[in-house]
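# Overview (structure and organization)
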Amino acid sequence: MTVLAIDTSNDCLGIALVDETKIIGEYMTNLKKNHSVRAMPAVDYLLKECHVQPSDLTKIVVAQGPGSYTGVRIGVTIAKTLAWARNIPLTGVSSLEVLALNGCFFDGLICPLFDARRGRVYTGLYEFKENILCVKEDRNILLEDWLNEIKQLKKRVLFLGNDVSLHLDLIKEIMGELAVIGDPSLHQPRPGLLGLLGMTREAVNVHQFVPNYLRLAEAEAKWIEQQKTST
């Protein structure tokens with residue numbers, strides 16, 4: 001099995017090729033650049049560098065969200081197109097779960113985190129027990145409320161993500177000694193881990209597969225509110 005993994009859900013652009021025994025190759029950047037321009041050239045580059053033909057691919061795995069609305073859409077659209085064109089299975093994996101797997105050697109809870117603006121974050125709670133396990137499902141929530149909630153568990157929590165630095169003071173203020181801040185090398189989700197996570201997971205219907213935004217885009221939310229007030 002040769003799996004192509006795609007993650008464009010945040011600033012990190014990640015492309016990987018994996019099989020049952022190894023990560024064949026990874027392409028990763030952490031730049032505020034347009035994924036719609038860079039993602040397919042990155043796929044093409046990695047395939048050529050690893051001497052893999054499109055016909056060799058047996059599955060596509062994509063980071064389904066949450067994250068940047070535009071970023072998530074780009075990755076999901078590319079993945080669906082490739083899976084449909086090659087007539088191969090498609091699987092989606094939580095973008096937060098992929099990041100959480102970086103903490104697989106941590107003896108405690110793992111909190112991946114993406115900034116969602118206005119004091120809110122995309123987050124969830126995981127732990128690693130031979131496999132990555134979800135303790136609290138992914139959500140969009142005020143960070144202060146989230147920290148007060150997980151503090152009640154009275155367990156050490158490893159915080160991961162490039163956006164952790166934006167909220168460092170609040171995390172330390174509320175969590176105190178229970179907070180463990182990940183090393184910078186652990187803050188970027190790895191596309192190779194995405195591929196390994198999705199390799200054995202059930203395939204989805206390509207045409208029905210949609211991003212997991214966890215909340216409406218601001219423009220959509222305003223439109224719905226306007227419709228309510230006009231009726």
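Provided above is the structure to which this section pertains.
Residues numbered from 1 in each chain as written. Predicted model: local features only at pLDDT ≥ 70, side-chain atom pairs only at ≥ 80, totals over all residues. Heavy atoms only, no water.

Further remarks concern the pattern of salt bridges. One pass over the full model with this rule turns up seven salt bridges. Between Lys136 and Glu149 there is a salt bridge; the shortest N-O distance is 3.1 Å. Separated by 13 residues along the polypeptide, Lys136 in strand S8 (residues 131-142) and Glu149 in helix H4 (residues 143-151) bring together distant segments of the chain. Residues Glu149 and Arg139 are paired through a salt bridge, measuring 3.5 Å at the closest nitrogen-oxygen approach. Linking Glu149 in helix H4 with Arg139 in strand S8, this pair joins segments that are 10 residues apart in sequence. The class for Glu149 is partly exposed, based on a relative accessible area of 28%. Within this structure, Lys136, Arg139 and Glu149 form a network of salt bridges that share partners. (Salt bridge = Lys/Arg side-chain N within 4 Å of Asp/Glu carboxyl O. Helix = DSSP H or I, 4+ residues; strand = E, 2+ residues; numbered from the N terminus. Buried < 20%, exposed > 50% of the residue type's maximum accessible area, 1.4 Å probe, protein only.)

Moving on: helix H1 (residues 35-49). Here H1 contains 15 residues, and its C-alpha end-to-end distance of 20 Å stays within 8% of the 21 Å for a straight helix at 1.5 Å per residue. The set of residues buried in H1 consists of His35, Arg38, Ala39, Ala42, Val43, Leu46 and Leu47. Summarising the axial view, the buried residues of H1 lie within an arc of 165 degrees, below the 170-degree limit, and thus occupy one face. Facing away from the buried surface of H1 by more than 90 degrees, the exposed residues are Val37 and Lys48. (Expected span 1.5 Å × (residues − 1). Arc of directions from axis to C-beta.)

So, on to the sheet that holds strand S4 (residues 59-63). A sheet is described by the order of its strands in space; here five strands give the open sequence S3-S2-S1-S4-S5, paired in mixed fashion. Only two strands of the sheet have a single neighbouring strand rather than two, namely strand S3 (23-30) and strand S5 (90-93). Averaged over all pairs of adjacent strands, the angle between strand axes in this sheet comes to 15 degrees, irrespective of strand direction. By the bridge criterion, four bridges tie S4 to S5 in an arrangement that is parallel. Residue pairing for S5: Ile60 is matched across the bridge by Leu90. Sitting on the sheet, H1 is in contact with strand S1 (3-7), strand S2 (12-18) and S3, with an inclination near 25 degrees to S2. Packing of helix H2 (residues 69-86) onto the sheet brings it into contact with S1, S4 and S5, and relative to S4 it is tilted by some 170 degrees. (Pairing = 2+ DSSP bridges. Axes fitted to C-alpha atoms, helices over the stretch in contact; angles between N-to-C directions. Contact = heavy atoms within 4.5 Å.)

Bringing the pairing of S3 into the picture now. Here seven bridges tie S2 to S3, and the two strands are oriented antiparallel to one another. In the strand pairing of S3, Ile15 is matched with Tyr27. Taking the residues between adjacent antiparallel strands as the criterion, S2 and S3 are bridged by four residues.

It is worth spelling out H4 at this point. Listed as buried for H4 are Leu143, Trp146, Leu147 and Ile150. Seen from one end, H4 has its buried residues packed into an arc of 95 degrees, which puts them on one side. Close packing links the buried residues of H4 with strand S6 (109-117), strand S7 (120-129), S8, strand S9 (157-160) and helix H5 (168-175).

Attention now goes to the sheet that holds strand S10 (residues 179-181). Sheet architecture is open: five strands sit in the order S8-S7-S6-S9-S10, paired in mixed fashion. The open sheet terminates on both sides in strands that have one partner only, identified here as S8 and S10. Going from strand to strand, the sheet's axes swing by 25 degrees on average, the running direction of each strand aside. Where H4 meets the sheet, its contacts fall on S6, S7, S8 and S9, and the angle it forms with S8 comes to roughly 140 degrees.

These results come straight from atomic positions and should not be treated as a statement about function.
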